[in-house]
Amino acid sequence: MTALTLSTAAAAGLRADAIVVGVAKGAEGPVVAPGAEAVDQAYDGRLAAVLETLGASGAEGEVTKLPAPSGFKAPVVVAVGLGAAPEKDETYTAESLRRAAGSAARALAGSKKAVFALPIADAADAGVIGEGALLGAYSFDTYKDNGRNAKGGRSARNGKAPLAEVALLGGKPRDKAYKAAVERAVAVAEELNRARDLINMPPNDLNPAAFAALAQTAAKEHGLKVQVLDEKALAKGGYGGILGVGAGSASAPRLVKLSYTHPKAGKHLALVGKGITYDSGGISLKPAGHNETMKCDMSGAAAVFAAVVTAARLGLEVNVTGWLALAENMPSGSATRPGDVLRMYSGKTVEVLNTDAEGRLVLADALWAASEENPDAIVDVATLTGAMMLALGSRTFGIMANDDAFRTAIHEAAEEVGEESWPMPLPEHLRKGMDSPTADIANMGERMGGGLVAGLFLKEFVGEGITWAHLDIAGPAFNEQAPFGYTPKGGTGSAVRTLVRLAELTAAGDLG
Ligand code: BES
Ligand code: MN
Ligand code: ZN
C-alpha cells in the first residue's frame with residue numbers, strides 16, 4: 001500500500017513528482033489554504049490568481065495541475081478543492097481535509113511520490129489527511145493483467161499504479177500525538193483497503209471457505225483467536241439459518257469467530273457481519289439487472305473483519321469479538337424453498353417466504369451465538385435491504401437499535417469519522433406482518449418499511465437485556481457511480497471506521 005510519512009523539509013527542496021496544495025472557495029474567488037505559503041510565495045503570491053485564471057474555484061474534489069514554480073525540485077503543483085473556505089476563527093473540517101486528500105491522491109495515480117502541503121492545525125488533521133490520501137490512492141487491479149501474462153507482447157499496465165508514497169508537510173514528526181495519529185491512519189486505511197479488496201473480489205474466488213481461510217491467516221498474523229465452524233460443525237450446533245441459506249450452493253457455509261482480547265479490557269464489544277459471498281436470491285431468484293453487484297453482499301462481514309484486526313493493531317483496551325456469517329445464496333435442487341421452515345440456532349422456527357431475504361437468516365444465528373457470550377453490546381453490519389437504499393440513498397447507512405442512547409452514540413461516532421448515517425425506528429406494529437401460520441416468525445413482512453421490518457426480525461434473535469444496534473449499509477457499501485473524495489468505485493469499506501471508533505469509545509468507557 002501507499003507509504004505515509006511526516007516531513008519538515010522545505011517544499012522547494014523535496015524530491016517528488018508533485019506538491020499538493022489546498023484551494024478553497026472564498027467570497028471573491030479561490031483562496032490558497034494554509035500549509036502552502038512557501039509554494040504561493042514562489043509564485044510571487046499569485047497562486048490564487050493563477051488558479052482562478054485556470055478556471056479553478058476551490059470546489060470540493062476539483063483538481064487543477066500546474067507547472068511548479070522555478071527553484072522547485074518537484075515538477076508539478078496539484079491544487080485540490082477543499083470546498084467553502086472556513087469562517088474566520090474556524091478551521092477546515094476533518095472530512096473536507098480527508099476528501100481533498102483522497103481526490104488528490106487518486107488524481108496522482110501513476111506517480112511515485114507526492115508531498116501534501118495541506119492545512120494541518122494539529123495532530124488530528126495530520127491523521128485525517130493521511131487517512132484520506134491512503135484511502136483515495138486505493139485501486140483494485142488484482143484481476144487486471146497489467147502485462148503479467150498477456151500473450152502478444154502487451155506489457156503496459158491496464159491502469160495506472162496507485163500513488164506509492166505520500167509525505168505530509170507541516171506536521172511534527174517527533175511529536176507523540178502526530179506519530180500516533182499517523183500510525184492510526186495507516187492501520188485503519190490498510191485494513192479498510194483490505195476490506196475493499198474482499199468486497200471487490202469476484203465470487204468465484206471468494207466463497208465462504210476462502211473467506212474463512214483469509215480470516216485464519218489474518219488471525220495468525222495479528223495474534224487473534226479464530227474459530228471456524230464448517231458445515232459439519234454448523235449442523236451439529238443447530239445453525240439452521242446459516243445452513244438453510246447455504247443449502248443451495250456448491251460452496252458450503254461457514255461461521256467464523258475472531259476474538260481480540262486485551263488483558264486490561266473492562267468491556268466486551270461483539271460485531272456481527274453479514275457475509276453472503278454472492279446473493280443470487282436463491283429460488284426467489286433476482287432478475288437480471290439486480291445481481292451483477294451481488295458479490296458485495298459480504299460487505300458487512302468484511303467491515304467486521306477489518307475492524308477486529310484494526311482494534312488488534314491499535315492495541316485497544318477492549319475485547320472485540322467478530323462474527324462472520326458466511327454463505328452463498330444460490331438456487332439448486334438442494335436449495336431452501338419458499339415455504340420451508342428452518343429451525344434457527346436460537347431454537348425459534350422461521351418460515352422462509354422469500355429466499356432472497358437471506359441476510360436476516362444468517363445474521364439471526366450469528367446474533368444468537370454472539371449473545372451467548374453476554375457482551376456489553378452487539379453491533380451487526382449488513383447489506384440487508386434495498387428498502388434502506390430507497391430510504392437513504394447510496395451514501396448513507398441506516399442505524400436501528402433496541403436502545404435510543406446507543407443508536408444516538410453510533411450516529412455521533414459515525415459523524416466523527418466522516419461516515420454518513422441516519423437513525424431509523426423499529427416500529428412495533430410492523431412485527432405482525434411477519435406472523436406465520438406455520439412457524440414462530442416469517443422471514444418477510446410488509447413491503448413498506450422493508451428495512452425496518454428486517455431490523456425487527458433481527459431484534460428477535462438478540463439475547464435478553466443485551467444492547468444491540470443494526471447498521472444497514474446496503475446503500476453505501478458498493479459505489480456504482482464515479483469515485484468521489486476518498487471513495488473509489490466498487491467496494492467502499494463502509495462502516496469500518498465507525499466500528500473502529502466504537503471499539504475506541506468502548507475502550508475509553510464512553511460507550512455501552
Ligand atoms: N442483499 C440484498 C439487499 C441489497 C440490495 C443489498 C441491493 C445491496 C443492494 C438482500 O439480501 C435482499 O435481497 N433483500 C430483499 C429483501 C426482500 C426480499 C424482503 C430486498 O431488499 O429486496
Ligand atoms: Mn437477498
Ligand atoms: Zn443479500
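On a predicted model such as this, the values are computed, not experimentally measured, just so you know.

Caption draft 1: Seen up close, the coordination of the manganese ion (ligand 2). Ligation of the manganese ion (ligand 2) by protein atoms is provided by Asp279 (OD), Asp356 (O), Asp356 (OD) and Glu358 (OE), these donors lying 2.1 to 2.2 Å from the ion. Coordination at the manganese ion (ligand 2) is irregular, judged from the six donor atoms that bind it and the angles of 70 to 169 degrees they form at the metal. Separating the manganese ion (ligand 2) from the zinc ion (ligand 3) is a distance of 3.1 Å, and Asp279 supplies a donor atom to each of them. Residue Asp279 is found in strand E10 (residues 268–279), and its partner Glu358 is found in the loop between strand E13 (349–351) and helix H10 (359–371); the two are separated by 79 residues along the sequence. Side by side, Asp279 and Glu358 carry an identical accessibility label, which is buried.

Caption draft 2: Quick look at the coordination of the zinc ion (ligand 3). Looking at the zinc ion (ligand 3), the protein donor atoms are Lys274 (NZ), Asp279 (OD), Asp297 (OD) and Glu358 (OE), and they sit 2.0 to 2.4 Å from it. Coordination at the zinc ion (ligand 3) comes from six donor atoms whose angles at the metal span 79 to 175 degrees, giving a geometry best classed as octahedral.

Caption draft 3: Molecular detail of the UniProt feature "domain: Cytosol aminopeptidase" (unreviewed entry) in the protein chain. The feature "domain: Cytosol aminopeptidase" (unreviewed entry), as annotated in UniProt, sits at residues 354–361 in this numbering. Structurally, residues 354–361 is divided into 38% helix and 0% strand, and its ends, taken at the C-alpha atoms, are 11 Å apart.

Caption draft 4: Seen up close, helix H13 (residues 450–459). Across the 10 residues that make up H13, a large majority, nine, are buried. Among the residues of H13, Gly450, Gly451, Leu452, Val453, Ala454, Gly455, Leu456, Phe457 and Leu458 are the ones counted as buried.

Caption draft 5: Structural detail: the UniProt feature "active site" (unreviewed entry) in the protein chain. Per the UniProt record, "active site" (unreviewed entry) is annotated on Lys286 and Arg360. Secondary-structure assignment places Lys286 in the loop between E10 and helix H9 (299–314). Mapped onto the fold, Arg360 is located in helix H10. If we ignore the near neighbours within four places in the chain, the residues touching Arg360 are Leu384, Thr385, Asn443, Met444, Val453, Ala454, Phe457 and Leu458.

Conventions and cut-offs
- Residues numbered from 1 in each chain as written.
- Chains lettered and ligands numbered in written order.
- Predicted model: local features only at pLDDT ≥ 70, side-chain atom pairs only at ≥ 80, totals over all residues.
- Heavy atoms only, no water.
- Donors = N, O, S within 2.8 Å, 3.2 Å for Na, K, Ca; no water.
- Tetrahedral: all angles 85-135°; square planar, octahedral: opposite > 155°, others 65-115°.
- Helix = DSSP H or I, 4+ residues; strand = E, 2+ residues; numbered from the N terminus.
- Buried < 20%, exposed > 50% of the residue type's maximum accessible area, 1.4 Å probe, protein only.
- UniProt positions renumbered as here; feature names shortened; annotations may be inferred.
- Contact = heavy atoms within 4.5 Å.

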